[in-house]
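Descriptive structure summary
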Amino acid sequence: ILERYAKQPRTVCGADTRTRNTSTTMYPQRTTCQLVITMQDGSKGIGTGFLIGRGTVITAGHCVHEGGSNGNWATRIEVIPGRNGTSS
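Here goes a summary of the coordinates provided. From a predicted model like this one, the values you see are computed outputs, not experimental measurements. (Residues numbered from 1 in each chain as written. Predicted model: local features only at pLDDT ≥ 70, side-chain atom pairs only at ≥ 80, totals over all residues. Heavy atoms only, no water.)

1. Describing the sheet that holds strand β2 (residues 44–53)
Read from one edge of the open sheet, 4 strands run β3-β2-β1-β4, paired in antiparallel fashion. The outermost strands of the open sheet, each flanked by one partner alone, are β3 (56–59) and β4 (74–81). The mean angle between the axes of side-by-side strands here comes to 40°, regardless of whether they run parallel or antiparallel. Bridge analysis of strand β1 (residues 32–39) against β4 gives 7 bridges, and the strand direction is antiparallel. Residue pairing for β4: L35 is matched across the bridge by V79. (Pairing = 2+ DSSP bridges. Helix = DSSP H or I, 4+ residues; strand = E, 2+ residues; numbered from the N terminus. Axes fitted to C-alpha atoms, helices over the stretch in contact; angles between N-to-C directions.)

Spelled out as structure tokens, the structure:
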């Protein structure tokens, strides 16, 4: 389910004035996490979360469950705090 969202184009309305934050080893940026999610059927997707304590990540429900009463749960979630490009 998450894989199909990653393939859609992303846009920013108006001028894109965003800048990349490379201070990902400093607080609070280091608490932001990339999630690499594997679903029961083997499909993979990505999501985000944030650390709130030792071993505890907050994320959206759709990152861990496909939805609906017959939806599947993620079988594996790799948590990468403070990701900065290829540096993790």
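We are not done yet, so read on.
2. Some words on the pairing of β1
Counted residue by residue, β1 has 6 buried out of 8 residues, so it is predominantly covered. Where β1 and β2 come together, 7 bridges link them in antiparallel fashion. Note that in β2 the partner of T38 across the bridge is K44. Here β1 folds back onto β2, and the loop between the two strands holds 4 residues, one of which, G42, carries a positive phi near 90°. (Buried < 20%, exposed > 50% of the residue type's maximum accessible area, 1.4 Å probe, protein only.)

3. Some points on the side chain of T24
Locating T24 in the fold gives a position in the loop between α1 (2–6) and β1. Residue T24 is classed as buried on the basis of its relative accessible area of 12%. At 2.9 Å, the side chain of T24 and the backbone oxygen of G82 are in polar contact. Here T24 is in contact with Q29, R30, G82, R83 and N84, once residues within four sequence places are set aside. (Polar contact = N/O pair within 3.5 Å; in protein donor to acceptor, adjacent residues only side chain to side chain. Contact = heavy atoms within 4.5 Å.)

4. Quick word on the side chain of T38
Here T38 lies in strand β1. The contacts of T38, once residues within four sequence positions are left out, are S43, K44, A74, T75 and R76.

5. Let's talk about unusual backbone geometry
Residue P28 is bonded to the preceding Y27 through a cis peptide linkage, with omega at 5°. Considering the arrangement of structural elements, one finds P28 in the loop between α1 and β1.

6. A closer look at the pattern of salt bridges
Scanning the model with the defined rule gives 1 salt bridge in all. For R18, the salt bridge goes to D16, with nearest N and O atoms at 2.9 Å. On the accessibility criterion, R18 (61% relative accessible area) is exposed. (Salt bridge = Lys/Arg side-chain N within 4 Å of Asp/Glu carboxyl O.)

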